[in-house]
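Chains, contacts and geometry: an overview
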Amino acid sequence: MVGGVIELKKIDLKAIFTGLSDKTKGCNIFGGGSRGAFLETAFVFLLIFSRFVALGFTYYPQLDDYIQYKIYASTPLWEACTRYGLLAARPLSNTADIFLWGHFAGCFILAVLLISIMYAASVVILRRILYRYFGTGGIFTVVLAILPLAFEGTYWLSASTRIVCGLFYASLSALFLQKYLDNRKKCFLPFIAIFQLAA
């Protein structure tokens, strides 16, 4: 800390996302470190994304998708806020509908791809964190990644942009919390708060 300001430039982001600690090295068949985390994430991604494209590389808008990605995205921001109450509930998610997810119109399968990557990363981060304390095994990964009951909230974009993004930010917050508990470096605290608020 310099003059009461936390220095963020000293954070080694590579060290944060590459193998959560030496204690996770034997936690799965992929091993620890950045290579193990990458391989595990790629495997989980294939599990998740393969069910979403089982009938082809096309996403058909469903239910609220039309409202959120057609009406909101084509409406001026001020009108969306005043007429539709865009910022009344879930302001970050609703704003992302206009400035991020709405731009995938016509090729929503790319949004599903991005959501699947976030989902896979969340599963791996959470499993590796929980392994340190509870010895969580591979069955945790399989259940969290391909449990049929999770299909609607992880594929349907109107829901997954809320559920999966929230899960991803919460898992990042948990990761930074673990790093803080390991090192007691105050530079991790803002990230814990930012990602928790985003979740």
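In case you missed it, the structure is sitting above this.
The text that follows walks through the structure, step by step, so that each part is easy to find. (Residues numbered from 1 in each chain as written. Predicted model: local features only at pLDDT ≥ 70, side-chain atom pairs only at ≥ 80, totals over all residues. Heavy atoms only, no water.)

Topic: the packing of aromatic side chains
Across all of its chains, the model carries 12 aromatic pairs by this definition. Considering the side-chain rings of Y59 and F108, the 5.9 Å spacing of their centres and the 75 degrees angle between planes classify their relative orientation as edge-to-face. In this pair, Y59 is assigned in the loop between α2 (33-52) and α3 (65-74) and F108 in helix α6 (residues 108-134), connecting sequence segments 49 residues apart. Take Y59 and F108: they sit in the same class, and that class is buried. Linked through ring pairs, F168, Y169, F176, F188, F191 and F195 together constitute an aromatic cluster. (Phe/Tyr/Trp six-rings, centres within 6.5 Å; stacked < 30°, edge-to-face > 60°. Helix = DSSP H or I, 4+ residues; strand = E, 2+ residues; numbered from the N terminus. Buried < 20%, exposed > 50% of the residue type's maximum accessible area, 1.4 Å probe, protein only.)

Details of unusual backbone geometry
Positive phi values are uncommon outside glycine, yet R184 reaches one of about 55 degrees. Accessibility expressed as a relative area gives 55% for R184, which makes it exposed.

Some remarks on the nonpolar core
Counting residues in hydrophobic clusters, the biggest one holds 39 residues, and the most contacted among them are V44, I48, Y59, W101, V112 and L157. Among the elements of the structure, α2, α6, α9 (157-183) and α10 (189-198) are those that each provide at least two residues to this core. Here the element with the most residues in this core is α6; it accounts for 13 residues. Among residues more than four places away in sequence, those in contact with V112 are F49, F52, Y59, Y155 and L157. (Core = buried A, V, L, I, M, F, W, Y, C linked by side-chain atoms within 4.5 Å. Contact = heavy atoms within 4.5 Å.)

Points about the environment of Y69
For Y69, the location among the structural elements is in helix α3. Once the C-alpha coordinates of Y69 and I98 are considered, the two residues, 29 residues apart in sequence, prove to be 7.1 Å apart. Not counting residues up to four positions away in its chain, the partners in contact with Y69 are D97, W101, G102, F108, L157, S158, T161 and R162. Of note is the side chain of Y69, whose polar atom sits 3.2 Å from the side chain of T161. (Polar contact = N/O pair within 3.5 Å; in protein donor to acceptor, adjacent residues only side chain to side chain.)

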